Amino acid sequence: MKRIPLYISAVLLAVSCSGTVDPDNQQPDNIPEEYTEPFTLSADKTEVEASGKDYVTFSLKDAYGRDLMTDKNALQGINVVSEEGQRVARMETMTRFIDDGTYNFSATYKGRKCENTVQITARNRSSYEKYHKNVAIYKATATWCGPCAYMTRALEGMNEVSKNHSVELCWHYQDELALEIPGSDYDCGTFLVSYFNGSGVPTVILDLKETVIEKASSALDNAIWELRAEHPATCGIKAEAAYNQETGKIDVCAHLTSSTGGSYDLGLALLLNNQVIPSGTNDDGKYSHIVRAATGNYFMYSDAIAEVAEDEEISMTQNIDPLKYDIDDLSVAVFALVKDGEGARIDNIIEVKVGESVDYMLN
């Protein structure tokens, strides 16, 4: 019999040993194609800066350790949202924050919920934005306009974060509530639609910067969030509005303080609330935040520009005719414009009811 040389035997032995299976890492022979429960959510970090630029990236793994969020087909069926209302955008794996707080995220895949929650803490918003920011929602609308009712419902359906960071001003368009522009054939609603290249009513213009025509709460929520992230407020506003029995006017005293210093243009708008228009197209016939008077800088920088140093306060007083309206139905919007390219952008805005006051609000 022919013998196999010793060195060949050694090689065969080494090959045989290298093929052994570690039972701790053994994978099942038949892994199902469909992702399998339980699903586990995880994140690449649990603490972030509330700067609007610091991202958290999520993973959602199934029972076999496969990450569903790397599969575009699976990603279509994934929904990641926190108990506090913060969402990961559809078909995305990341999110960012502009509000301090603790957020408890969970996920679903095709309606099946993951078995755990992930807690993310966002912090230090005041380092990026000292004062609470409100976005000015300019709505061009009309009582005769059927689609305007859908926009009204979309605004009412915004999440609480959006509502807490916005002030609505309704500029009516060719109806009984339209505010005429002196010396012009236009009303303010018609002018705004034309100036901002809207296609008609309803049109929503945010901070004189972004035009929104989609009649969906989610679209408005996203647009407001993006504006707050891209343009943090550089000033805070406080104001008092009191009815003067002797003059029959509303005395408004507004104050502005800048956290950065810069050029600002303060303006006012008188808003009428709690009106019922039986012939209107809103479901309940109710209309509010109707602009009845405004300073001329409601859409563009005026000549009355104030240079403000960091932490300096400036003030403005104005006497407004309440017209024929019940004082209880009136409020005043106070806004501050800043330059933005060739035009202007609203840096911050507040609303104060007549007979009340609003103090500076810090983050």
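Structure: see above.
Report follows, based on the coordinates.

Thresholds, definitions, all that
Residues numbered from 1 in each chain as written. Predicted model: local features only at pLDDT ≥ 70, side-chain atom pairs only at ≥ 80, totals over all residues. Heavy atoms only, no water. Core = buried A, V, L, I, M, F, W, Y, C linked by side-chain atoms within 4.5 Å. Buried < 20%, exposed > 50% of the residue type's maximum accessible area, 1.4 Å probe, protein only. Helix = DSSP H or I, 4+ residues; strand = E, 2+ residues; numbered from the N terminus. Contact = heavy atoms within 4.5 Å. Phe/Tyr/Trp six-rings, centres within 6.5 Å; stacked < 30°, edge-to-face > 60°. Expected span 1.5 Å × (residues − 1). Pairing = 2+ DSSP bridges. Disulfide = S-S within 2.5 Å.

Details of the nonpolar core
- Counting residues in each nonpolar core, the largest one holds 30 residues, and the members touching the most others are I250, L256, V332 and V334.
- When contributions to this core are tallied by element, the ones reaching two or more residues are β13 (235-244), β14 (249-258), β15 (262-272), β20 (313-320), β21 (330-340) and β22 (343-353).
- Filtering out sequence-adjacent residues up to four positions away, I250 remains in contact with A241, A242, Y243, L270, Q318, N319, I320, P322, I327, L330 and V354.

Quick word on the packing of aromatic side chains
- With the rule as written, the count across this model stands at 14 aromatic pairs.
- Their ring planes at 80 degrees and their centres at 4.7 Å tell us that F191 and F299 sit as a pair that is edge-to-face. Within this pair, whereas F191 is found in helix α5 (residues 188-195), its partner F299 is found in the loop between β18 (290-294) and β19 (306-308), the two being separated by 108 residues in sequence.
- In this structure an aromatic cluster arises from ring pairing among Y138, W171, F191, Y195, F196, Y298 and F299.

Let's talk about the side chain of S259
- Among the secondary structure elements, S259 is positioned in the loop between β14 and β15.
- Apart from the residues lying within four places of it in its own chain, the contact partners of S259 are K130, Y131, A233, T234, E310 and D311.

Some words on helix α6 (residues 217-230)
- Over its 14 residues, α6 runs 20 Å from end to end, which matches the ideal 20 Å to within 8%, given 1.5 Å per residue.
- Burial of α6 is extensive: 10 of the 14 residues sit out of reach of the surface.
- Restricting attention to buried positions, one finds in α6 the residues S217, A219, L220, D221, A223, I224, W225, L227, R228 and A229.
- Looking at the buried positions of α6, the neighbouring elements they touch are β9 (135-141), α3 (146-156), α4 (160-164), β10 (166-172), β11 (203-206) and β12 (210-212).

A few points about the sheet that holds strand β1 (residues 40-43)
- Spatial ordering of the open sheet is given by β1-β3-β5, a layout of 3 strands whose pairing is antiparallel. Looking at strand neighbours, the two that pair on one side only are β1 and β5 (94-95), the edges of this open sheet.
- With 4 bridges joining them, β1 and strand β3 (residues 56-61) adopt antiparallel strand pairing. Bridge assignment links A43 to a residue of β3, and that residue is F58.

Concerning the state of the cysteines
- Across all of its chains, the model carries 1 disulfide by this definition.
- With no disulfide partner, C235 has as its closest neighbouring cysteine sulfur the one in C253, 15 Å distant.

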